[in-house]
Amino acid sequence: MALVPGIQSPTRKVPAHIARPEYVGRPAPAAYTGPEVQTAETVEKMRIAGRIAARAMAEAAKLIAPGVTTDALDAVAHEYMCDHDAYPSDLGYRGFPKSVCTSINEVICHGIPDSTVLQDGDIVNIDATAYIHGVHGDLNATYLVGDVDEESRLLVERTRESLDRAIKAVKPGRRINVIGRVIESYAKRFDYGVVRDFTGHGINTSFHSGLIVPHYDSERATEVIKPGMTFTIEPMLTLGTYDYEIWPDGWTVVTKDRNRTAQFEHTLVVTADGAEVLTLP
């Protein structure tokens, strides 16, 4: 049965002492004009932000079970980030009304937490980003709800594997499209769709720096990977088409054929010989 929007709870409050990203209260963020290669100091701050985001997501995920609302997941992640003096980056980004994204079954990304109740057999993605010390850390993962069918379980497992393979492919001197080439070639083995219009991105003091990281083999993704670059990889794989529709809320992206989709994400920094994951709990 296709999902429908639930009822949203009131906007959650963030304590006044917690620093806000510059875009909060504005229709859009300021354009990022800084470098994609970050200093060691910025990377260390991103480790802190990434750790908080990862732990907030893990705390919310402990709640996942049939009968739990996605709004309840949002509440746990929100409280964890605020308790650790981090701002939930999603809250107020281009008007997004909640602190994490929760995407169930056919929702590719950007699902808004609300009164929707998780059902036995669902899969649900939690996407959490924390802002602290002037930088962001961003990750997501897809979880099984109760007794999930084999096809969906394999989709989740293989999507996670596609991220792991892409991270291993990151090497200085390679072009950014090696990431998408690895993901797409793996996904094709199982006849999965690879979402094209929603990508990984540069991240640092900016939530989205302007650097684009496609998850398919794009001839336009020619940027050379350099040590110190920070970006996300977040493949979205589908059981059917990668074509999509967006709900009237302007955020919730669903597969056009309403087949299921899964996603995993980490924030990385490029090292001298590979990549370090910054979003570990």
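Scroll up to find the structure this text is about.
From a predicted model like this one, the values you see are computed outputs, not experimental measurements.

Q: How should I be thinking about the packing of helix 3 (residues 150-169) against helix 4 (residues 177-188) in this particular structure?
A: The packing of two helices is summarised by the inter-axis angle and the distance between the axes. Interhelical geometry of helix 3 versus helix 4 gives an angle of 145 degrees and a closest axis separation of 9 Å. Remark: the crossing between helix 3 and helix 4 carries right-handed chirality. Contacts between helix 3 and helix 4 involve Arg158, Glu161, Ser162, Arg165, Ala166 and Ala169 on the former and, on the latter, Val178, Ile179, Val182, Ile183 and Tyr186.

Q: I'm lost on the sheet that holds strand 6 (residues 193-194) in this one. Help?
A: Adjacent strands of a sheet form backbone hydrogen bonds with each other and so pair up, either parallel or antiparallel. Pairing is antiparallel across the open sheet formed by 3 strands, whose spatial order is 6-10-13. Two strands close off the open sheet at either side, each with one partner strand: strand 6 and strand 13 (261-263). Judged from the 2 bridges that link them, strand 6 and strand 10 (residues 236-238) form a sheet pairing that is antiparallel. Within the sheet, the bridge partner assigned to Gly193 lies in strand 10 and is Thr238.

Q: When you look at the environment of Thr142 in this model, what are you seeing that I'm missing?
A: You can see Thr142 is positioned in strand 5 (residues 135-144). Distance in space between the C-alpha atoms of Thr142 and Val269 is 22 Å, their sequence separation being 127 residues. In contact with Thr142, not counting residues within four places along its chain, are Ile123, Val124, Asn125, Val156, Ala262, Gln263 and Phe264. A polar contact is formed between the side chain of Thr142 and the side chain of Asn125, at a distance of 3.1 Å. Polar contacts involving the side chain of Thr142 include one to the main-chain carbonyl oxygen of Gln263, which spans 2.7 Å.

Q: Can you help me understand the pattern of salt bridges in this one?
A: Side chains that differ in sign of charge can pair as their charged atoms come close. The final tally for this structure, using the stated rule, is 16 salt bridges. Here Glu276 and Arg47 are joined by a salt bridge, their closest N and O atoms 2.8 Å apart. Of this pair, Glu276 sits in strand 15 (residues 275-277) while Arg47 sits in helix 1 (residues 40-61), placing them 229 residues apart in sequence. Under the relative-accessibility criterion, Arg47 is labelled partly exposed at 24%.

Q: How should the pairing of strand 4 (residues 123-132) be read in this particular structure?
A: A regular strand places its side chains so that they alternate between the two faces of the sheet. Extensive coverage of strand 4 is indicated by the burial of 10 of its 10 residues. Residues Ile123, Asn125, Asp127, Thr129 and Tyr131 line one face of strand 4 and the alternating positions Val124, Ile126, Ala128, Ala130 and Ile132 line the opposite face, and both faces are buried. Bridging between strand 2 (residues 101-104) and strand 4 involves 4 bridges; their strand directions are antiparallel. Following the sheet pairing, Thr102 is matched in strand 4 by Ile126. Counting the residues between successive antiparallel strands, the hairpin from strand 4 to strand 5 contains 2 residues, one of them, His133, with a positive phi of roughly 55 degrees.

Definitions and limits used
Residues numbered from 1 in each chain as written. Predicted model: local features only at pLDDT ≥ 70, side-chain atom pairs only at ≥ 80, totals over all residues. Heavy atoms only, no water. Axes fitted to C-alpha atoms, helices over the stretch in contact; angles between N-to-C directions. Helix = DSSP H or I, 4+ residues; strand = E, 2+ residues; numbered from the N terminus. Left-handed = near helix turned anticlockwise from the far one by under 90°. Contact = heavy atoms within 4.5 Å. Pairing = 2+ DSSP bridges. Polar contact = N/O pair within 3.5 Å; in protein donor to acceptor, adjacent residues only side chain to side chain. Salt bridge = Lys/Arg side-chain N within 4 Å of Asp/Glu carboxyl O. Buried < 20%, exposed > 50% of the residue type's maximum accessible area, 1.4 Å probe, protein only.

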